[in-house]
Amino acid sequence: TIPREYVSGESHFYLGRRYLLKVYYQPNSAETVRMSRGYLEVSVQKRHVIRIQKLLDLWYFTRAQKVFQARLTALLPITIWVKNPPFIKLQVMQTQWGNCSPKGMITLNPYLVKAPRECIDYVILHELCHLKEHNHKPAFWSLLDRAMPDWARHKARLDTMAELILQK
Ligand SMILES: [Zn+2]
């Protein structure tokens with residue numbers, strides 16, 4: 001795939017939807033990112049691609065924190081084996097959407113917030129199942145089947161979008 005150029009008209013993703021980037025150069029205004037009517041609007045002071053990329057990365061990170069926390073809260077009633085809500089840490093990873101440490105810390109890729117909500121739920125549920133089953137043996141998959149019977153569909157969709165979402 002072609003790397004993004006961070007210019008107006010380019011496609012960027014949030015919760016599975018496509019937004020067109022609009023870049024404004026406003027040397028005397030505060031630098032901001034906002035979503036408005038199908039557009040992702042970035043206001044920057046200098047015409048630096050790196051700066052636009054950085055602002056967008058920060059925006060995705062902040063959105064990811066809010067969305068993942070909200071989805072975790074929404075999913076906890078299903079995952080009755082989770083006694084204490086785990087701490088979610090965000091970390092950009094090259095080849096993983098998430099992982100669960102032996103001590104029960106869940107790490108999620110902030111760019112997962114570009115994927116549809118059901119795909120985010122699949123990754124969170126997958127990691128929550130690892131709090132009970134620390135491997136991918138049959139007991140793990142039957143737990144996941146019970147938590148999200150149609151998980152394979154959402155995983156397949158996420159796999160299809162992966163390249164697009166992880167593209168810089
Ligand atoms: Zn796993």
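Before reading on, note that the structure itself is shown above.
These remarks concern the structure in this document. Fair warning: this is a prediction, and the values are worked out from it, not measured in the lab. (Residues numbered from 1 in each chain as written. Predicted model: local features only at pLDDT ≥ 70, side-chain atom pairs only at ≥ 80, totals over all residues. Heavy atoms only, no water.)

The strand order across the open sheet formed by 3 strands is S5-S7-S6, and the pairing between neighbours is mixed. In this open sheet, the two strands that pair with only one neighbour each are strand S5 (88-90) and strand S6 (98-100). Strand-to-strand twist in this sheet, taken as the mean axis angle between neighbours without regard to direction, amounts to 20 degrees. On top of the sheet, helix H1 (residues 49-75) reaches S5 and strand S7 (106-108); it is set at about 160 degrees to S5, its chief contact. (Pairing = 2+ DSSP bridges. Helix = DSSP H or I, 4+ residues; strand = E, 2+ residues; numbered from the N terminus. Axes fitted to C-alpha atoms, helices over the stretch in contact; angles between N-to-C directions. Contact = heavy atoms within 4.5 Å.)

All told, the structure shown has 6 aromatic pairs when counted by the stated rule. Note on Phe140 and Trp141: the rings are 4.8 Å apart at their centroids and 85 degrees apart in plane angle, and the pair reads as edge-to-face. Taken together, a centroid distance of 5.2 Å and an interplanar angle of 25 degrees make the contact between Trp141 and Trp151 stacked. In this pair, Trp141 is assigned in helix H3 (residues 138-147) and Trp151 in helix H4 (residues 151-166), connecting sequence segments 10 residues apart. By relative accessible area, which is 27% here, Trp141 ends up partly exposed. Residue placement shows Arg47 over the ring face of Tyr25; its charged tip is 4.0 Å from the ring centre. If you follow Lys114 out to its NZ or CZ, it ends over the ring of Tyr111, 4.7 Å from the centre. (Phe/Tyr/Trp six-rings, centres within 6.5 Å; stacked < 30°, edge-to-face > 60°. Buried < 20%, exposed > 50% of the residue type's maximum accessible area, 1.4 Å probe, protein only. Lys NZ or Arg CZ within 6 Å of the ring centre and 35° of its normal.)

This part covers the layout of surface pockets. To find leftover empty space, one rolls a probe the size of a water molecule over the atoms. Taken as a whole, the largest pocket encloses approximately 170 Å³ of empty space. Taken together, Gln96, Trp97, Gly98, Tyr122, Val123, His126, Glu127, His130, His136, Lys155, Leu158 and Asp159 make up the full set of residues lining the largest pocket. Tallying contributions element by element places helix H2 (residues 117-130) first for the lining of the largest pocket, with 5 residues. Of the residues in the lining of the largest pocket, the class split is 4 nonpolar, 5 polar and 3 charged. (1 Å grid on protein atoms, 1.4 Å probe; cavity = no way out; pocket = protein on both sides within 12 Å on 5 of 7 lines; lining within 4 Å. Points joined across faces, edges and corners; volume = space filled by probe spheres on them. Nonpolar A, V, L, I, M, F, W, Y, C, P; charged D, E, K, R; others polar.)

Under the defined criterion, the tally for this structure stands at 6 salt bridges. Salt-bridge contacts for Arg34 lead to Glu41; the nearest nitrogen and oxygen are separated by 3.0 Å. Asp159 is the salt-bridge partner of Lys155, the closest N and O atoms lying 2.9 Å from each other. Of this pair, Lys155 and Asp159 are both found in helix H4, 4 residues apart, which corresponds to roughly one turn of the helix. (Salt bridge = Lys/Arg side-chain N within 4 Å of Asp/Glu carboxyl O.)

Once that is clear, we can look at H4. With 16 residues, H4 should reach 22 Å at 1.5 Å per residue; the first-to-last C-alpha distance of 21 Å fits that figure. Where H4 bends most, at Thr160, the angle is about 40 degrees. When H4 is considered as a whole, its buried residues turn out to be Trp151, His154, Leu158, Met161, Ala162 and Ile165. Of the surrounding secondary structure, the elements contacted by the buried residues of H4 are strand S1 (11-14), H2 and H3. (Expected span 1.5 Å × (residues − 1). Bend = angle between axes of the 7 residues up to and from the residue.)

Locating Leu20 in the fold gives a position in strand S2 (residues 17-25). For Leu20 and Glu41, which are 21 residues apart along the polypeptide, the C-alpha to C-alpha distance reads 8.3 Å. If we skip the residues at most four places from it in the chain, Leu20 touches Gly9, Glu10, Ser11, Gly38, Tyr39 and Leu40.

Don't take any of this as a statement about function, it's just geometry.
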